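Residues per chain are reported as follows:
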Amino acid sequence: MTFEELQTGDYFRILGISTHYVYRKTSDDYCTLNNTLQPIRRHTSVKKLTGDELVEYLAQQTTAAEQKPKPAVRLKSRPVPSREKAGSTKYGIIN
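Presented here is a report on the structure given in the accompanying data block. Only a predicted model underlies this, so the values are computations on that prediction, with no experimental measurement involved.

### Thoughts on unusual backbone geometry
Logical step 1: Within the chain, Asn-34 stands out as a residue other than glycine whose phi angle is a positive 55°.
Logical step 2: Residue placement: Asn-34 occurs in the loop between strand S3 (30–33) and strand S4 (36–39).
Logical step 3: Judged by its relative accessible area of 60%, Asn-34 falls in the exposed class.
Logical step 4: Backbone geometry at Asn-35 places phi at a positive 60°, although glycine is not the residue there.
Logical step 5: Considering the arrangement of structural elements, one finds Asn-35 in the loop between S3 and S4.

Structure (structure tokens):
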């Protein structure tokens, strides 16, 4: 089967490439690998994933995402001068 014969959204492997690489057809000239757009020739020989292979691949992706530690987000706080110290209120300046 060639890349051109696939439908948009199909998952596939390129023949001769490691089975760990699973691609997804996004258009007639492009596919994605790990959410990265890749150009591909239309006559490239591919193997469409079967239903069982697709379920296994998606399960591996889900467990890998769960095991990956999420980055810690640290917010910097800076002191805000109080209105009383600045000599003003929300209605104006104190005389």
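### As for the sheet that holds strand S5 (residues 46–48)
Logical step 1: Sheet architecture is open: 5 strands sit in the order S4-S3-S2-S1-S5, paired in antiparallel fashion. With one partner strand each, in any of the chains shown, S4 and S5 form the two edges of the open sheet. Geometrically, the sheet is characterised by an average inter-axis angle of 40° between neighbouring strands, direction not taken into account.
Logical step 2: Relative to S3, strand S2 (residues 23–25) runs antiparallel, the two being bridged by 2 bridges. Across the sheet, residue Arg-24 finds its bridge partner in S3, namely Thr-32.

### Some details on the layout of surface pockets
Logical step 1: Here the largest pocket defines a volume of roughly 240 Å³.
Logical step 2: The set of elements that each furnish at least two residues to the lining of the largest pocket consists of S2, S3 and helix H1 (51–67).
Logical step 3: Element by element, the count of residues in the lining of the largest pocket is highest for H1, at 3 residues.
Logical step 4: By volume, the second largest pocket is sized at about 190 Å³.
Logical step 5: Lining the second largest pocket, in full, are Arg-13, Thr-19, His-20, Val-22, Glu-53, Glu-56, Tyr-57, Gln-60 and Gln-61.
Logical step 6: By residue number, the principal contributor to the lining of the second largest pocket is H1, which donates 5 residues.
Logical step 7: Among the residues making up the lining of the second largest pocket, the classes are represented as 2 nonpolar, 4 polar and 3 charged.

### Things to note about the packing of aromatic side chains
Logical step 1: Applying the stated criterion to the full structure yields 3 aromatic pairs.
Logical step 2: Centroid distance Tyr-11 to Tyr-57: 6.1 Å. Interplanar angle 50°. Geometry classified as tilted. Placement of the pair is Tyr-11 in strand S1 (residues 11–14) and Tyr-57 in helix H1, with a sequence separation of 46 residues.
Logical step 3: By relative accessible area, which is 22% here, Tyr-11 ends up partly exposed.
Logical step 4: According to the relative accessible area criterion, Tyr-57 is buried, its value standing at 12%.
Logical step 5: An aromatic cluster is present here, built from Phe-3, Phe-12 and Tyr-23 joined pairwise through their rings.

Criteria and cut-off values
Residues numbered from 1 in each chain as written. Predicted model: local features only at pLDDT ≥ 70, side-chain atom pairs only at ≥ 80, totals over all residues. Heavy atoms only, no water. Helix = DSSP H or I, 4+ residues; strand = E, 2+ residues; numbered from the N terminus. Buried < 20%, exposed > 50% of the residue type's maximum accessible area, 1.4 Å probe, protein only. Pairing = 2+ DSSP bridges. Axes fitted to C-alpha atoms, helices over the stretch in contact; angles between N-to-C directions. 1 Å grid on protein atoms, 1.4 Å probe; cavity = no way out; pocket = protein on both sides within 12 Å on 5 of 7 lines; lining within 4 Å. Points joined across faces, edges and corners; volume = space filled by probe spheres on them. Nonpolar A, V, L, I, M, F, W, Y, C, P; charged D, E, K, R; others polar. Phe/Tyr/Trp six-rings, centres within 6.5 Å; stacked < 30°, edge-to-face > 60°.

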